Amino acid sequence: MYTQSLSLDQEKQLAVATAEEQAKEAAFEARIEAGDYIEPKDWMPAHYRKTLVRQISQHAHSEIVGMLPEGNWISRAPTLKRKAILLAKVQDEGGHGLYLYAAAETLGTSRDQMLEALHSGKAKYSSIFNYPTLTWADVGVIGWLVDGAAIMNQVPLCRCSYGPYARAMIRVCREESFHQRQGYESLLVMMDKGTEAQKAMVQDAVDRWWWPSIMMFGPPDDASPNSAQSLRWGIKRFTNDELRQKFVDATVDQAKVLGVTLPDPDMKWNEARGHHDFGAIDWDEFWRVVGGDGACNRERLATRVKAWDEGEWVREAALAHAKKNEQQKEAA
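Residues numbered from 1 in each chain as written. Predicted model: local features only at pLDDT ≥ 70, side-chain atom pairs only at ≥ 80, totals over all residues. Heavy atoms only, no water.

Chemist: What am I meant to see in the overall build of the protein chain here?
Modeler: The helix and strand inventory of the protein chain stands at 13 helices and two strands. Considering only C-alpha atoms, the protein chain reaches an extent of 85 × 65 × 40 Å along its principal axes. Out of the 332 residues in the protein chain, the part that is buried amounts to 46%. Within the protein chain, contacts between residues at least 6 apart in sequence are counted, and of these 77% link residues at least 24 apart. Entry remark: accessible area of the protein chain is about 17,800 Å², with carbon and sulfur atoms responsible for 56%. (Helix = DSSP H or I, 4+ residues; strand = E, 2+ residues; numbered from the N terminus. Buried < 20%, exposed > 50% of the residue type's maximum accessible area, 1.4 Å probe, protein only. Contact = heavy atoms within 4.5 Å. Areas by Shrake-Rupley, 256 points an atom, 1.4 Å probe, with all protein chains shown as cover.)

Quick look at the structure:
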């Protein structure tokens, strides 16, 4: 009784539009199946676009928020060499954020919109960056475990079906590989040549960062509602649990070489599976930190908002300079 009837002309127009959309979607799915890259001007389903905006912007946010835990140690690095390495690394992370914001902008969103979502708390970033860096060993462990987990997550994204994202990830992964190697090397130095106190400091950092690192791959597959569709569309290439298992398997031997113990008494090799079994993850902690109640959530977000507010004059000056140059070109 309360529905509005459509005229015959309207019904025909709707049928044609629906048929056209179905044809476009079928062509899109065929391209995905063939392994083609989808480019910004290509037709894509609205949900594909929305999924990419969410994932790429969250990735970009994670890169710029990820500068903060280690940036805290630049002025306190133990040697000039370590300071230079850490400066380069933090600078790289800022660059990664810029690449990724630019990739997201090709989908029709703006950088201002993405940052407003971050600053308001609407958008998320990786929960790993809401943990504090208490000692210098944390910087090395972040390089080894956190960047190692990031590489495991991000290398498959070089084959993401969306071209701009895939191309951005090639450079990001090259630089992340350097970050992981320098972190591991700094820990090796402390474990091989350091004092007993320094070795204990490394083990303490491993104890604190291990579980948050394996949480980085996201919730288990049965609690990850977006994964199945992202896999079908080629945005993701592996499930969260598959990537987590690959990371654990790779890290066990690295820990042995390093001489540290991973804080998991249930860790053991399973011959039948061909993988390491590991203990239960505290998903309550994961969701609590994701929900904003981690040790550093409020501090991280407040720092980003403060930087944005204090950088307003720089943005205004850059826009004024660009406008002036444009006017000079027009007058020439």
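Now that the structure is up, let's keep going.
Chemist: Can you help me understand the packing of aromatic side chains in this one?
Modeler: Here a ring pair, both rings aromatic, is described through the centre-centre distance and the interplanar angle of the planes. Applying the stated criterion to the full structure yields 11 aromatic pairs. Considering the side-chain rings of Tyr-48 and Trp-233, the 5.5 Å spacing of their centres and the 85° angle between planes classify their relative orientation as edge-to-face. Taken as a pair, Tyr-48 in helix 2 (residues 46-65) and Trp-233 in the loop between helix 9 (227-232) and helix 10 (240-258) lie far apart in primary sequence, 185 residues in all. Taken individually, Tyr-48 and Trp-233 each receive the classification buried, so the pair is uniform in this respect. Aromatic ring contacts, followed pair by pair, group Phe-28, Trp-43, Tyr-48 and Trp-233 into a single cluster. Sitting over the ring of Trp-308, Arg-315 keeps its end group 3.5 Å from the ring centre. (Phe/Tyr/Trp six-rings, centres within 6.5 Å; stacked < 30°, edge-to-face > 60°. Lys NZ or Arg CZ within 6 Å of the ring centre and 35° of its normal.)

Chemist: Is there a simple way to think about the pattern of salt bridges in this case?
Modeler: Pairing is possible between side chains of opposite charge, provided their charged atoms come close. This structure, assessed with the given rule, holds 17 salt bridges. Across the pair Glu-175 and Arg-171 runs a salt bridge, and its minimum N-O distance is 3.2 Å. Highlighted residues: Glu-175 and Arg-171, both in helix 7 (residues 163-193), separated by four residues, approximately one helical turn. Using a relative accessible area of 47% as the deciding quantity, one classes Arg-171 as partly exposed. For Arg-298, the salt bridge goes to Asp-293, with nearest N and O atoms at 3.7 Å. Linked by salt bridges that have partners in common, Arg-31, Asp-36 and Asp-42 make up one network. (Salt bridge = Lys/Arg side-chain N within 4 Å of Asp/Glu carboxyl O.)

Chemist: So what exactly am I meant to see when it comes to a negative patch on the surface here?
Modeler: A surface patch of negative charge is lined by Glu-20, Glu-21, Glu-25, Glu-29 and Glu-33. Among the residues examined, Glu-21 registers a relative accessible area of 38% and is labelled partly exposed. (Patch = residues over 30% accessible without salt bridge, like charges linked within 9 Å, V, L, I, M, F, W, Y side chains within 5 Å. Lys, Arg positive; Asp, Glu negative; His and termini not counted. Charge placed at Lys NZ, Arg CZ, Asp CG, Glu CD.)

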